[in-house]
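Chain and residue survey
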Amino acid sequence: MADETAIVETAPPEVGRDFIREIIQADLDSKRVSKVVTRFPPEPNGYLHIGHAKSICLNFGVAEEFGGRCHLRFDDTNPTKEEQEYIDAIKRDVHWLGFDWGEHLHHASDNFEQLFAWAEHLIRTGFAYVDDQSQEQMRASRGTLTEPGKNSQFRERPVEESLDLLRRMRAGEFPNGARVLRAKIDMASGNINLRDPVLYRILHASHPRTGMKWCIYPSYDYAHGQSDAIEGITHSICTLEFEDHRPLYDWFLEHLPVPARPRQYEFAKLMIKNTVLSKRVLVGLVREGHVKGWDDPRMPTLAGLRRRGVPAAAIRDFVRRTGVAKANSVVEVPMFEHSIRELLNKTALRRMAVLRPLKVVIENYPEGKGEELEVVNHPDDPAAGTRRIRFGREIYIEYEDFMENPPKKFFRLSPGTEVRLRYAYFITCKEVVKNAAGEVVELRCTYDPATRGGNAPDARKVKATMHWVAAVDAVNAEVRIINELFERAPDPDGDLGAALNSNSLEVLQGCMVEPALTSANTDAPVQFERQGYFYRDADSAPGKPVFNRTIGLRDTWAKVRTG
RNA sequence: UGGGGAAUAGUUCAAUGGUAGAACAUCGGACUCUGACUCCGAGAAUCUAGGUUCGAAUCCUAGUUCCCCAGCCA
């Protein structure tokens, strides 16, 4: 996996503290808590994406930094949306990102029995009741943002009756939606979460872990805080939209005989410009077949990024750079790209690959002659070693490295100019061969045998160094260029297909790559010199490698060229 | 006309009553066997209006703008 490189952690370990870490430090200093316990609580209703990475890094990160621990807890309270596949994928992705929950794999469903007992406790103490109202009636009586709600006619029903009905709900006597258990708080509260929220609803559905054992399931609000308390979570970190759930979170802890009192803190989730992280949309892309799966390299999922070749350490570094705060913000993509390039530049071995080949015949190179050149695997890292590549009379260069009528600042090959073939020789273009359509199909060049290795004895300079692959050596490969998935922001309720970028995946066939790319270290990220970072795709077949372009190198020539 | 949050360079995050700083991005320049990397330099911000104070991004008052909440989703 791309994470082989994760050992090279480029980030300084501590870059100032965010408000969460300050709170934890203060709690430790004041002895309010003796050991920090956090949790990452995904709902297994889809794959993890880069937005989740921020929460994972925060929760596991602070636990690590303060000598505590972090649990992985599945918030599996809605069996109509959750699947085992997602549970497995989430575990895999958290591990890949570089974190370990050790013995602390938990599920909200582990607590179903206790939560039910506590529900009875709330009824007995007069803080919960079974409501027979229909969903529509409940909505109508909840009031609006500016008007208070009205009490349900079942709100004051006898404790024994509610107790009996709740048990019969559990026993499966009623169909979906027939009744719910509600907390008795305040229908006039300005905070709508406190207007007698639902604790249990009837759902005759099979649960990935409990099967058909239950047909009533606790709501998020009812399950989350109590699960935190049961697990001994000290700091329950979640995103901003749960801020007005905090009074309810605290209400349950106050009204129940819980073993601990966790506290909830909220931070702004990670958003990235032009990147869709809506789970609904991501599910739709997969279900409707707009992408090849959750790990399609165009997806912002951790699985997709991994397949694309983005190292876990780069994601961690990016997340660290974006900081933790309470203001909604949208990070620009180049910040992410910087983290990827910075890591890959240090770790990726260099290789040569020609994406759009143009054949070059070196006229003064003897027919039948061949030779090997020893070249470095990483110019800045001698420890990366060397490899041997072959040179010959026929080679391929990049089509766009040649221009018959070059503009002013074009340094590369054109008729009459001399350039360096990286690690090899200087060559000069003597003749351009075209097909009937007038397209350049071949170049006739000469080389200077004295420049072997890439330097001229007379110290003359060339303005460009180009990558190349010898025809005798070339392995045919497929290269996939990944572009933005969406052309415009999709409407989650509308036609996803209509918003897609029709050019989100460019497939290049007939690429010519050096043979080292088919043998050793095939699972490590590589740099195709002068082009970018690439990662071997799982679709590779023997003798026919497939590469995803993780990200291109910065290209200032592209800017000059396009003005 | 409800409740809960947030406002600092283009972007993200610092500065916790005492010189507004960093990263990314942008623009110059140097270097270069990757038009990469690296290095050097530049421009660029406290939402507004009052007030307190020797001194305010920070405290107070009044506004403005943006985000979240009316699921038996999480």
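Here the structure is a predicted model, which is why all the values come from computation and not from measurement.

Side note on the overall build of chain A
Across its full length, chain A holds 14 helices and 27 strands. Here the C-alpha coordinates of chain A stretch approximately 100 × 55 × 40 Å along the principal axes. Considering only contacts in chain A between residues 6 or more positions apart, those separated by 24 or more positions represent 72%. Split by element, the accessible area of chain A, about 25000 Å² in all, is 49% carbon and sulfur.

Focus: unusual backbone geometry
In this model, Asp196 sits at a positive phi of 45°, which is unusual for a non-glycine residue. Along the chain, Asp196 turns up in the loop between strand 5 (180-183) and strand 6 (198-202). The class for Asp196 is buried, based on a relative accessible area of 1%. Backbone geometry at Asn274 places phi at a positive 55°, although glycine is not the residue there. Inspection of the secondary structure assignment puts Asn274 in the loop between strand 10 (271-272) and helix 9 (279-287). Classification of Asn274 as exposed rests on a relative accessible area of 58%.

Some details on the side chain of Thr210
Turning to its location among the elements, Thr210 is positioned in the loop between strand 6 and strand 7 (216-218). A residue is classified by how much of its surface remains accessible, and Thr210, at 18% relative accessible area, is buried. Dropping the residues within four chain positions of it, Thr210 is found in contact with Ser109, Phe112 and Tyr217.

Describing the sheet that holds strand 27 (residues 546-552)
Sheets are built from strands that pair by backbone hydrogen bonding, the pairs being arranged parallel or antiparallel. Across the sheet, which stays open at both edges, the 7 strands sit in the order 12-25-26-27-23-24-13 with mixed pairing between neighbours. A strand with exactly one partner marks an edge of an open sheet, and here the two such strands are strand 12 (349-351) and strand 13 (353-354). The pairing of strand 25 (residues 526-528) with strand 26 (residues 532-536) spans 3 bridges and is antiparallel. In the sheet register, Gln527 faces strand 26, and the bridge partner there is Tyr533.

Some remarks on the protein's contact with RNA strand B
Near RNA strand B lie 67 residues; those nearest to it are Glu22, Arg350, Arg412, Arg420 and Gly453. A distance of 3.3 Å separates a base nitrogen of RNA strand B from a polar atom in the side chain of His245. Between RNA strand B and the protein, one listed contact pairs a phosphate oxygen with a backbone N or O atom of Val324 at 3.2 Å. At the level of elements, helix 5 (135-141), strand 6, helix 11 (312-322), strand 11 (330-331), helix 12 (333-347) and helix 14 (556-562) are the ones that each hand at least two residues to the surface near RNA strand B. Tallying contributions element by element places helix 12 first for the surface near RNA strand B, with 4 residues. Here the residues of the surface near RNA strand B sort into 20 nonpolar, 24 polar and 23 charged.

Re the pattern of salt bridges
On inspection of all chains with the given rule, the structure shows 53 salt bridges. Arg170 is paired through a salt bridge with Glu113; the nearest N and O atoms lie 2.9 Å apart. Of the two residues, Arg170 is situated in helix 6 (residues 159-170) and Glu113 in helix 4 (residues 112-124); the sequence distance between them amounts to 57 residues. With a relative accessible area of 40%, Glu113 lands in the partly exposed category. A salt bridge links Glu266 to Lys326; its shortest N-O distance comes to 3.6 Å. Of this pair, Glu266 sits in strand 9 (residues 263-267) while Lys326 sits in the loop between helix 11 and strand 11; the two residues are 60 residues apart in sequence, bridging distant segments of the chain. Of the residues examined, Glu266 reaches a relative accessible area of 2% and is grouped as buried. On the accessibility criterion, Lys326 (40% relative accessible area) is partly exposed. Several salt bridges share partner residues, and in doing so they unite Asp295, Arg307, Glu478, Arg480, Asp537 and Asp539 into one network.

Things to note about helix 11
Burial analysis of helix 11 places 9 of its 11 residues in the buried class, the great majority of the element. Residues of helix 11 that are buried: Ala312, Ala313, Ala314, Ile315, Arg316, Asp317, Phe318, Val319 and Thr322. Its buried side turned inward, helix 11 meets helix 2 (50-65), helix 3 (84-97), strand 10, helix 10 (302-308), strand 11 and helix 12.

What to know about the sheet that holds strand 3 (residues 105-107)
Reading across the sheet, the 3 strands line up as 1-2-3 and stay open at both edges, with parallel pairing between neighbours. Two strands close off the open sheet at either side, each with one partner strand: strand 1 (37-40) and strand 3. Strand after strand, the sheet turns through a mean of 35° between neighbouring axes, direction not considered. Here 4 bridges tie strand 1 to strand 2 (residues 69-74), and the two strands are oriented parallel to one another. By the bridge assignment for strand 2, Phe40 is matched with Leu72. Against the sheet, helix 7 (residues 220-231) touches strand 1, strand 2 and strand 3, its axis set at about 140° to strand 2.

Observations concerning the side chain of Gln133
Considering the arrangement of structural elements, one finds Gln133 in the loop between strand 4 (128-131) and helix 5. For Gln133, a relative accessible area of 9% gives the class buried. At a separation of 3.3 Å, a polar atom in the side chain of Gln133 contacts the side chain of Ser152. Filtering out sequence-adjacent residues up to four positions away, Gln133 remains in contact with Met138, Ser141, Ser152, Phe154, Ala178 and Arg182.

A closer look at the domain arrangement of chain A
Segmenting chain A into domains produces domain 1 (19-108 + 220-339), domain 2 (111-218) and domain 3 (353-474). Averaged C-alpha coordinates put domain 1 and domain 3 at centres separated by 50 Å.

As for the packing of aromatic side chains
The final tally for this structure, using the stated rule, is 22 aromatic pairs. Ring geometry for Tyr86 and Trp294: centres 5.9 Å apart, planes at 80°, overall edge-to-face. On the criterion of sequence distance, the pair formed by Tyr86 in helix 3 and Trp294 in the loop between helix 9 and helix 10 is long-range, its members being 208 residues apart. Taken as a pair, Tyr86 and Trp294 share a single burial class, namely buried. Ring geometry for Phe116 and Tyr200: centres 6.3 Å apart, planes at 75°, overall edge-to-face. Here Tyr200 lies in strand 6 and Phe116 lies in helix 4, a separation of 84 residues in the sequence. When its relative accessible area of 5% is taken as the criterion, Phe116 is described as buried. Among the aromatic side chains, those forming a connected cluster through ring pairs are Phe112, Phe116, Phe127, Tyr200, Trp214, Tyr217, Tyr222, Trp251 and Phe252. Lying across the ring of Phe174, Arg179 places its NZ or CZ 4.1 Å from the centre. Here Arg306 stacks its cationic end above the ring of Trp96, 5.2 Å away from the centre of that ring.

Scoring rules and cut-offs
Residues numbered from 1 in each chain as written. Chains lettered and ligands numbered in written order. Predicted model: local features only at pLDDT ≥ 70, side-chain atom pairs only at ≥ 80, totals over all residues. Heavy atoms only, no water. Helix = DSSP H or I, 4+ residues; strand = E, 2+ residues; numbered from the N terminus. Contact = heavy atoms within 4.5 Å. Areas by Shrake-Rupley, 256 points an atom, 1.4 Å probe, with all protein chains shown as cover. Buried < 20%, exposed > 50% of the residue type's maximum accessible area, 1.4 Å probe, protein only. Pairing = 2+ DSSP bridges. Near = heavy atom within 4 Å. Polar contact = N/O pair within 3.5 Å; in protein donor to acceptor, adjacent residues only side chain to side chain. Nonpolar A, V, L, I, M, F, W, Y, C, P; charged D, E, K, R; others polar. Salt bridge = Lys/Arg side-chain N within 4 Å of Asp/Glu carboxyl O. Axes fitted to C-alpha atoms, helices over the stretch in contact; angles between N-to-C directions. Domains from an automatic or database assignment. Phe/Tyr/Trp six-rings, centres within 6.5 Å; stacked < 30°, edge-to-face > 60°. Lys NZ or Arg CZ within 6 Å of the ring centre and 35° of its normal.

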